[in-house]
Amino acid sequence: MNKQRVKTELKMQWSASFESVAYNVSLGGIYFRTPQAPMIGSTIELTLPLPGGSQIRPRAIVRWVSEQDAESQPLPFGVGLEFVDLELRDRALLIAYVEKTATEQKTSVRTPLAIPVDFSHEGKNFRTLSNDLSVNGMFLVATEPLSLGDTSNLRFHLPVSDD
């Protein structure tokens, strides 16, 4: 499962009568700010409007609640949920939202770099060229589509500078 989490300010509804603002979201779940937390382990229904007028309605389980008075908390007081029932259409909308938001939030510089890269994916071996490189990853030119969130093993040699 893709663990990429993006910061967000999406307004959402949960359990039909509460409104909150999401702080971050991924394909696996969502963290939202709320002064009234549901019980850990409870299942809640969400309505999450996305930009462009679409919305998703996943079911989720409350996995954790942040401490309201803890000054050392990196997140505002709120609730962490794990999606447990995400329909295919909602999953596709969420993937598109997370990818678009992540692209907009990228801050690292990408350096053009064309080097040979060997990689294995699902038992097959490939050889391709990189397109660019950053501290967060490498863009590869692939001949076959890879699924979002898949893991591949890479092998490459970076050029050495004489400087």
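So, here is what we can say about the structure in this document. From a predicted model like this one, the values you see are computed outputs, not experimental measurements.

### Considering the environment of Ser54
With respect to the element layout, Ser54 can be found in the loop between β5 (43–49) and β6 (55–56). As a C-alpha pair, Ser54 and Asp90 span 36 residues in sequence and 9.3 Å in three-dimensional space. Discounting chain neighbours no more than four positions away, the residues touching Ser54 are Leu48, Pro49, Arg89 and Leu93.

### A short note on the pairing of strand β8 (residues 78–85)
Pairing between strand β4 (residues 29–33) and β8: five bridges, direction antiparallel. For Phe32, the partnering residue across the bridge sits in β8 and is Val79.

### A short note on the nonpolar core
Counting residues in each nonpolar core, the largest one holds 24 residues, and the members touching the most others are Met12, Val25, Ile30, Leu46, Leu81, Phe83 and Leu94. Contributing elements (two or more residues each) for this core: β2 (11–14), β3 (18–25), β4, β5, β7 (59–65), β8 and α1 (88–105). Looking at this core, the element that brings in the most residues is α1, giving four residues. Aside from chain neighbours lying at most four places away, what touches Leu94 is Val25, Ser26, Leu27, Ile56, Phe83 and Leu86.

### Concerning unusual backbone geometry
Notably, Glu122 is not glycine yet its phi reads approximately 50 degrees, a positive angle. Of note, Glu122 is situated in the loop between β10 (116–121) and β11 (124–134). The class of Glu122 is exposed, set by a relative accessible area of 68%.

Parameters and conventions
Residues numbered from 1 in each chain as written. Predicted model: local features only at pLDDT ≥ 70, side-chain atom pairs only at ≥ 80, totals over all residues. Heavy atoms only, no water. Helix = DSSP H or I, 4+ residues; strand = E, 2+ residues; numbered from the N terminus. Contact = heavy atoms within 4.5 Å. Pairing = 2+ DSSP bridges. Core = buried A, V, L, I, M, F, W, Y, C linked by side-chain atoms within 4.5 Å. Buried < 20%, exposed > 50% of the residue type's maximum accessible area, 1.4 Å probe, protein only.

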